[in-house]
Amino acid sequence: MEETNLHEVLRSVYEEMMPLCEDMATVAKAVAGLGALFYVAIKVWQSLSRAEPIDLFPMLRPFAIGICIMFFSTLVLGSINGVLSPIVEGSHSMLEGQVLDLNELQQKKDLLEREAMLRNPEMAYLSSDEEFDKKLEELGWSPSDLVTMSGMYMERQMFEVKKQIRDGFREFLEILFQAAALVIDTIRTFFLIVLSILGPIAFAISVWDGFQSTLTQWLTRYISVYLWLPVADIFSAILAKIQSLIIERDIEMLADPNFIPDTSNTVYIIFMIIGIIGYFTVPTVTGWVIQAGGAGNFMRNVNQTAQKSGNLAGAAAGSATGNISGKLLK
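Residues numbered from 1 in each chain as written. Predicted model: local features only at pLDDT ≥ 70, side-chain atom pairs only at ≥ 80, totals over all residues. Heavy atoms only, no water.

In the nomenclature of an unreviewed UniProt entry, the protein corresponds to Conjugative transposon protein TraJ from the organism Chryseobacterium muglaense.

A. Representation of the nonpolar core in the model. Counting residues in each nonpolar core, the largest one holds 51 residues, and the members touching the most others are I69, F203, W218, Y222 and Y279. No other element matches the 12 residues that helix α7 (residues 143-197) contributes to this core. Discounting chain neighbours no more than four positions away, the residues touching Y222 are Y14, L77, I80, N81, L192, L195 and S196. L105, A240, I247 and I251 belong to the second-largest nonpolar core, a separate cluster that totals seven residues. (Core = buried A, V, L, I, M, F, W, Y, C linked by side-chain atoms within 4.5 Å. Buried < 20%, exposed > 50% of the residue type's maximum accessible area, 1.4 Å probe, protein only. Helix = DSSP H or I, 4+ residues; strand = E, 2+ residues; numbered from the N terminus. Contact = heavy atoms within 4.5 Å.)

B. Layout of a nonpolar patch on the surface. Nonpolar side chains collect at one region of the surface, where L34, L37, F38 and I42 lie side by side and expose about 370 Å² of accessible area between them. Here F38 is to be found in helix α2 (residues 20-49). Given the relative accessible area of 44%, F38 is considered partly exposed. (Patch = residues over 30% accessible without salt bridge, like charges linked within 9 Å, V, L, I, M, F, W, Y side chains within 5 Å. Areas by Shrake-Rupley, 256 points an atom, 1.4 Å probe, with all protein chains shown as cover. Salt bridge = Lys/Arg side-chain N within 4 Å of Asp/Glu carboxyl O.)

C. Representation of the packing of helix α10 (residues 228-254) against helix α11 (residues 266-279) in the model. Look at α10 against α11: their axes get within 11 Å of each other, and the N-to-C directions meet at 170°. As the angle between them shows, α10 and α11 are arranged roughly antiparallel. Side by side, α10 and α11 meet where A232, F235, S236, L239, I242, Q243 and I246 of the first sit next to V267, Y268, F271, M272, I274, G275, G278 and Y279 of the second. When its residues are assigned to classes, the contact of α10 with α11 shows 11 nonpolar, four polar and no charged. (Axes fitted to C-alpha atoms, helices over the stretch in contact; angles between N-to-C directions. Parallel < 35°, antiparallel > 145°, perpendicular 65-115°, else oblique. Nonpolar A, V, L, I, M, F, W, Y, C, P; charged D, E, K, R; others polar.)

D. Quick peek at the UniProt feature "transmembrane region" (unreviewed entry) in the protein. Mapped onto the present numbering, the UniProt feature "transmembrane region" (unreviewed entry) falls on residues 24-42, 63-84, 190-211, 223-247 and 267-290. Counted over residues 223-247, helix gives 96% and strand 0%. Its end C-alpha atoms are 37 Å apart. (UniProt positions renumbered as here; feature names shortened; annotations may be inferred.)

E. Region of interest: the side chain of R188. Along the polypeptide, R188 turns up in helix α7. On the accessibility criterion, R188 (7% relative accessible area) is buried. Excluding residues that lie within four positions of it along the chain, R188 makes contacts with V225, Y226, W228 and L229.

Here it is in structure tokens:
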């Protein structure tokens, strides 16, 4: 199953779990009704004890919350999701546009890289079977030619082993990169389902005097978690744009007939590591947009795990690609 299909599964899970809100609404109605009775009684008693006229406007609050509880799926969740869905769609379309450009540039770069490798007579036989056979035909059967032929086979074999190790490590980082995106989306879906199912209870508790902040806390947390996905898409779009600019520069360098490319993919591996670590900063960035609390300790642990994973991936990248810092300073 592809990564995009897994994201679709998570969205389907969220939609399938929404009917459970109706079950909680039944319990929430009783809690809210009892809270409204005490709320109105206290307000009336306070006004009578002070010999003041009764203010009816504050007493409308429990009834407004009760209406929200009765039609929670359509009135509350439907309104919030309807307002925030264009943000998700806009950020996702931005990501798709950048990824499409990146794929086209990558295909063009791969073609130019192969042509550049074939231009180098010392490396052409390592990447092309035709050039390898052609070079073998040029050799004779003298002892020196046989030694050269054996060396060519060994060098080609070592080149293929090195390429397989490098490609395997790159695929491993790509899997970690996709896994990080799925972890964020899975946690987001879990939080949204819990907030949606227990939302009527939160609304009902907010009716009680002293728990009014429960309503605003629920709203800020739901909106903050909902925005995780567009923030993650924007982050992915930024990474794709940076990689596109790097590939465009590589294409310009490959246009030079005398340029010999470096096939180590060091920059690509570095950005994979940056992406893996960066995905786990999405909740923090979203908290800057919508101020919400309640998941700080959990996300702090997630960020610490991301940093440890990044350090491990960085160490592996260093051992696989050599001294990266030295290459960057050149």
